[in-house]
Amino acid sequence: MGFNCSGCGECCKNLFLTKDVSEQFKESVQTLLSEFPYEIHNGICEKLKDNKCTVYNERPDICKVDEGYKYFKEEMSIEEWYSMNYSICKTLQGGE
Ligand code: SF4
Ligand code: SF4
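In this report, the structure presented in the accompanying data block is examined. These figures come from a predicted structure and were not determined experimentally.

The local shell around ligand 2 consists of Cys12, Phe36, Tyr38, Cys45, Lys47, Leu48, Cys53, Val55, Arg59 and Cys63. Its residues placed into classes, the shell around ligand 2 shows eight nonpolar, no polar and two charged.

Its location among the elements puts Asp61 in the loop between strand 4 (52-53) and helix 4 (65-68). Given a relative accessible area of 16%, Asp61 falls into the buried group. Those residues in contact with Asp61 that lie beyond four places of it in its chain are Leu32, Glu67, Gly68, Lys70 and Tyr71.

Turning to unusual backbone geometry, a few remarks are in order. If you check the backbone angles, Asn42 has positive phi at about 50 degrees while not being a glycine. Inspection of the secondary structure puts Asn42 in the loop between strand 1 (40-41) and strand 2 (44-45). By relative accessible area, which is 73% here, Asn42 ends up exposed. With a phi angle near 65 degrees, Asn51 is a residue other than glycine that sits in the positive phi range. Positionally, Asn51 belongs in the loop between strand 3 (48-49) and strand 4. Assessed through its relative accessible area of 32%, Asn51 is described here as partly exposed.

Basis of the calculations
Residue positions are given per chain, counting from 1 as you read along its sequence in written order. Following the order in which they are written, the chains are lettered starting with A and the ligands numbered starting with 1. In view of the model being predicted, local features appear only for residues whose pLDDT reaches at least 70, and side-chain atom pairs are presented and counted only at 80 or more, with totals across whole chains, interfaces and linings using the full set of residues. Note that the side-chain values use all heavy atoms of the structure and ignore hydrogens as well as water. Proximity is defined per residue: if any heavy atom of the residue lies within 4 Å of a molecule or strand, that residue is considered near it. Ten residue types, Ala, Val, Leu, Ile, Met, Phe, Trp, Tyr, Cys and Pro, are classed as nonpolar, four, Asp, Glu, Lys and Arg, as charged, and the remainder, Gly among them, as polar. Helix and strand labels come from DSSP, where a helix needs a run of H or I of at least four residues and a strand needs a run of E of at least two; each type is numbered from the N terminus. Between buried and exposed lies partly exposed: a residue is buried under 20% and exposed over 50% of the maximum accessible area for its type, with that area taken using a 1.4 Å probe on protein chains only. Every residue pair with non-hydrogen atoms within 4.5 Å of one another is taken to be in contact.

Right, dumping it as structure tokens:
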């Protein structure tokens, strides 16, 4: 089992929205964003090219749903974490 990412790339193009959606977990998210190593232009990560991550194997924890859970495990179960992330994906993809 693991997070089922479709690879749509929307999270890489909406880093501001991701920040807003995660407001309720502000401290943990701010820590992760403060360590984000790449430039963000209008919400788009500079490492996204042709809708693909060009540093996929070296991408930071904030880009990995499964890895990112370690920062939130005191706050929710893994099922709740996945559910929240699927909801964010759906919002970013224009689902609701
Ligand atoms: S928005 Fe969700 S499904 Fe799309 S690339 Fe990001 S994590 Fe994967
Ligand atoms: S480092 Fe890669 S996975 Fe992370 S936001 Fe940038 S393009 Fe997306």
